[in-house]
Each structure stands twice: as structure tokens, then as C-alpha cells.
Amino acid sequence: MTLETETGELYETKYLPRQRAFSGGWGRFAVCEKLSLGDLAVFRLVGATRLKVYIIRKGSSVVKLPTNLLNLFKETREAGLDVNELIVYKRGRGNENCKNPDEAGINFNNITGFNDFRTIINDLLQNHDLSEVRLRTYELCRSQNVILHEHLLKGLNSKFLVEAIRSTISTTVNISISLRTCTLSTFLDNVSQWSTTLKCYKALGMNVGFLSSRLHHLQTLAVSSEGAVSRQRYIDACRERLCCECEFTKLKTIHAKWRKVLVMLSSKVKALESKGGWEEYMEVYFRLRQAKDEIKEIEVLIAELCRFFEHYDDVIETLKLKANNHELEFQAKVDTPW
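Calculation rules
- Residues numbered from 1 in each chain as written.
- Predicted model: local features only at pLDDT ≥ 70, side-chain atom pairs only at ≥ 80, totals over all residues.
- Heavy atoms only, no water.
- Helix = DSSP H or I, 4+ residues; strand = E, 2+ residues; numbered from the N terminus.
- Contact = heavy atoms within 4.5 Å.
- Core = buried A, V, L, I, M, F, W, Y, C linked by side-chain atoms within 4.5 Å.
- Buried < 20%, exposed > 50% of the residue type's maximum accessible area, 1.4 Å probe, protein only.
- Phe/Tyr/Trp six-rings, centres within 6.5 Å; stacked < 30°, edge-to-face > 60°.
- Lys NZ or Arg CZ within 6 Å of the ring centre and 35° of its normal.
- Salt bridge = Lys/Arg side-chain N within 4 Å of Asp/Glu carboxyl O.
- Expected span 1.5 Å × (residues − 1).
- Pairing = 2+ DSSP bridges.
- Lys, Arg positive; Asp, Glu negative; His and termini not counted.
- Axes fitted to C-alpha atoms, helices over the stretch in contact; angles between N-to-C directions.
- Parallel < 35°, antiparallel > 145°, perpendicular 65-115°, else oblique.
- Left-handed = near helix turned anticlockwise from the far one by under 90°.
- Nonpolar A, V, L, I, M, F, W, Y, C, P; charged D, E, K, R; others polar.

## Here we look at the overall build of the protein
Okay, step 1: A count of helical and extended segments in the protein gives 10 helices and 7 strands.
Okay, step 2: Nonlocal contacts in the protein, meaning residues at least 24 apart in sequence, comprise 64% of its contacts between residues at least 6 apart.

## Description of the nonpolar core
Okay, step 1: In this structure, L148, L179, F187, W194, L215 and F330 are the most contacted members of the largest nonpolar core, which totals 25 residues.
Okay, step 2: Taken together, the elements giving at least two residues each to this core come down to α5 (131-144), α6 (159-181), α7 (184-204), α8 (209-224) and α10 (278-335).
Okay, step 3: Contact partners of L215, with chain neighbours within four places excluded, come to L179, F187, V191, W194, S195 and L198.
Okay, step 4: Residues F22, W26, F29 and I55 belong to the second largest nonpolar core, which totals 12 residues.

## A look at the packing of aromatic side chains
Okay, step 1: Scanning the model with the defined rule gives 10 aromatic pairs in all.
Okay, step 2: Taken together, the aromatic side chains of Y11, W26, F29 and F43 make up a single cluster linked through ring pairs.
Okay, step 3: Positioned above the aromatic ring of F309, the side-chain terminus of R241 is 4.4 Å from the ring centre.

## A word on the environment of K34
Okay, step 1: Positionally, K34 belongs in the loop between α1 (26-32) and β5 (40-47).
Okay, step 2: The class for K34 is exposed, based on a relative accessible area of 63%.
Okay, step 3: For the pair K34 and R57, spaced 23 residues apart in sequence, the C-alpha separation works out to 9.9 Å.

## As for the pattern of salt bridges
Okay, step 1: One pass over the full model with this rule turns up 7 salt bridges.
Okay, step 2: Across the salt bridge formed by R231 and E327, the nearest N and O atoms sit 3.9 Å from each other. Here R231 is found in helix α9 (residues 226-275), whereas its partner E327 is found in helix α10, with 96 residues between them in sequence.
Okay, step 3: For the salt bridge of E247 with K250, the shortest nitrogen-to-oxygen distance reads 3.8 Å. With E247 and K250 both in helix α9 and 3 residues apart, the pair spans about one turn of that helix.
Okay, step 4: A single salt-bridge network, built from bridges that share partners, covers E4, R50 and K52.

## Considerations on α9
Okay, step 1: Here α9 spans 73 Å end to end across 50 residues, near enough to the 74 Å set by a 1.5 Å rise per residue.
Okay, step 2: Looking one or two residues beyond α9, the residue adopting positive phi is G276, at roughly 100°.

## Things to note about the pairing of strand β6 (residues 50-56)
Okay, step 1: Most of β6 sits out of view: 6 of its 7 residues are buried.
Okay, step 2: Relative to β6, β5 runs antiparallel, the two being bridged by 7 bridges. Pairing of R44 across the sheet is with K52, part of β6.
Okay, step 3: A loop of 2 residues connects β5 with β6, the two strands running antiparallel in sequence.

## Thoughts on the side chain of E33
Okay, step 1: When you line up the elements, E33 lands in the loop between α1 and β5.
Okay, step 2: It is R57 that comes nearest to the buried, bridge-free E33 among opposite-charge side chains, at 5.0 Å.
Okay, step 3: In contact with E33, not counting residues within four places along its chain, are T5, E9, Y11, I55 and R57.

## Thoughts on unusual backbone geometry
Okay, step 1: One non-glycine residue with positive phi stands out, namely K34, at about 55°.
Okay, step 2: Despite not being glycine, N145 has its phi angle at roughly 55°, a positive value.
Okay, step 3: With respect to the helices and strands, N145 occurs in the loop between α5 and α6.

## Thoughts on the packing of α9 against α10
Okay, step 1: Orientation of α9 relative to α10, taken along the N-to-C sense of each, is 160°, at an axis distance of 7 Å. Overall, the two elements α9 and α10 adopt an arrangement that is roughly antiparallel. When the axes of α9 and α10 are compared, the crossing they make is left-handed.
Okay, step 2: Broken down by class, the residue content of the contact of α9 with α10 amounts to 32 nonpolar, 5 polar and 18 charged.

## Here we look at the environment of Q219
Okay, step 1: Along the chain, the position of Q219 falls in helix α8.
Okay, step 2: For the pair formed by Q219 and S192, sequence separation is 27 residues and the distance between their alpha carbons is 9.6 Å.
Okay, step 3: Contacts of Q219, omitting those with residues within four sequence positions, involve F187, V191 and S224.

Structure representation (C-alpha cells):
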């Protein structure tokens, strides 16, 4: 359906007969014609698919309509009939807090299904293909009952900017999917990038406030909560234990080497006892005693580490339980509806 203004400007829209409302293209018309709360739009059929639009501003003392429409308008009101039979567009209560039409947005209630939404996508991007993300974008918009991308870079239609808009919508959808499917680890790995991206998209006009809010709540839970502290302690404890295991392995290796040295020196001492050679014997015997002392010290350290592991494993198990509970709490938050 083509809408023609009083000045002759044309807007392509899609009309929904059952709802007696417009979907695709209507948002652009409302913004360009600066419709605001309380304005009325009267439509006159001037062709098979063309409507002449007359806008009556709120509080206006002058109503400019063709004589036949003006008389019909007056007669309808005087008869106490529903003036909405003549008026297709009127801002509703859902938009009363909006100061301008840019803030009000398209009424998502007028979109009856995916086909209507696809028309709006095409209207915004001038029929640019977004087939791979259309359905997910529709579901995301439906969850918020608003067209999230309605005010995205309005009035800019160069090929580069169309690609930028397409990328913005796609990335927003991907972030929303990630926020609904992420684990605590993947969230912490990506939260900084997601936060920066959403801030940029908000500045471009994308309605991502609900995603930023969810991101903030998840970040608080993941980083600043008591469960987050327990999880970090668990991670630190596991790292410390791993370091101790490395030291334990090194000690075991050194212990094995000293045991070999001990066996070799013991054999040499026995050989020198029968052979003679006092000076050489004393030198080897001294090295043998030194090897025994080294082995004894290493065995003491190994025993201490074994006792440490036994105690520390209990601590780690307790922290692990708290960390798992924190993961479950985080996942429950991820799974909550928008």
C-alpha cells in the first residue's frame, strides 16, 4: 500500500486488513511525518493501492481536510459514532511516556507473524538479504514486544551502511544466543567484548538495553558474588596444588637419582674395603654418607608433601562444591526468560 502525504511524498507500506493497521514501512512514515502522541491520521482511498493521508495535529485549532471528508468527520462525531472508523493511526497508551515518535517505535502487536516481520526487515534494509538471522531476530523482537532495530542508523542507506546495519543485527542476535547458552567459563572469556559491542550498538540506535541489563546481572553474579569468590579460591587452590605436584614430581626424580648414586657408592665402598687404599676409601665413604643425608632430606620433604596433599585435597573438595553450586546458580540465571 502506498501512502501519499498532503505534499505529495510517497511511502511504501504493508497494510494488515485484519488488524486495520500498517506494519512494514509505517515506522519510517511516522518518523518522517513527525507523528506524535495525540495526532490523528485520516486516510482517503485514491487508488487501488494508494491512500491519501491527512494529519490532524494534537491541539490544532485548524483541521485541513477535503470538504467531503471534513463533513463526514464532523457527522461521525456529532452522531456519537466511533471515530476510529475513519482514523487508522492514533498513538496508544503504550507510548504515552514517549516524548517523540522516534522513542515510541512500531507497535509489535500489529505484527501477526513472521511474514509481517520479514516485511519490516526488508523495509529497513531495502530488501537486503538477512535470511539466516531473520527468524532469530523475529523471536528476539517478539520477546521484547518491540522492533529492536527500528531506530538503527535511520535515513542512511549507502551500501556500506546497509552492510553495517546487517552486521549489527546479526551480531546482536548472536550475542543474545550466546547469553542464553553460555557457561560461566565462556561468559567470563567473552563478557568484555560483548559489553563493548552492546555499548557501541546502543549508540548506533539498536535497542539492546535488555541485553546490556542481562549482561550486567550475569557479570555481577560471575565476578562479585560470594559464589564467585569461592570459585576463584577453588581455581587458585587447584593451581597451587598443581604447582606442588610439579615440585613433588621433581623431588621423586631427584630421589631416584640419589638412590642410584647410593647403590653405586655402596658397591664401590665394598670393593675398596677388600682392595685397600685408605684415602680413596674415605673419599668414597664420605660421598656415600652425603648421598644418604640427601636422600633422607628428600624423603622428609616427600612425606610433608603427602601430608599436605591429604589435607589440601579436603579443602579443595569443599571449595569445589561451592564452585559447582555457583555454576548452577549462574546457569539458572542464564536460563531465565528475557
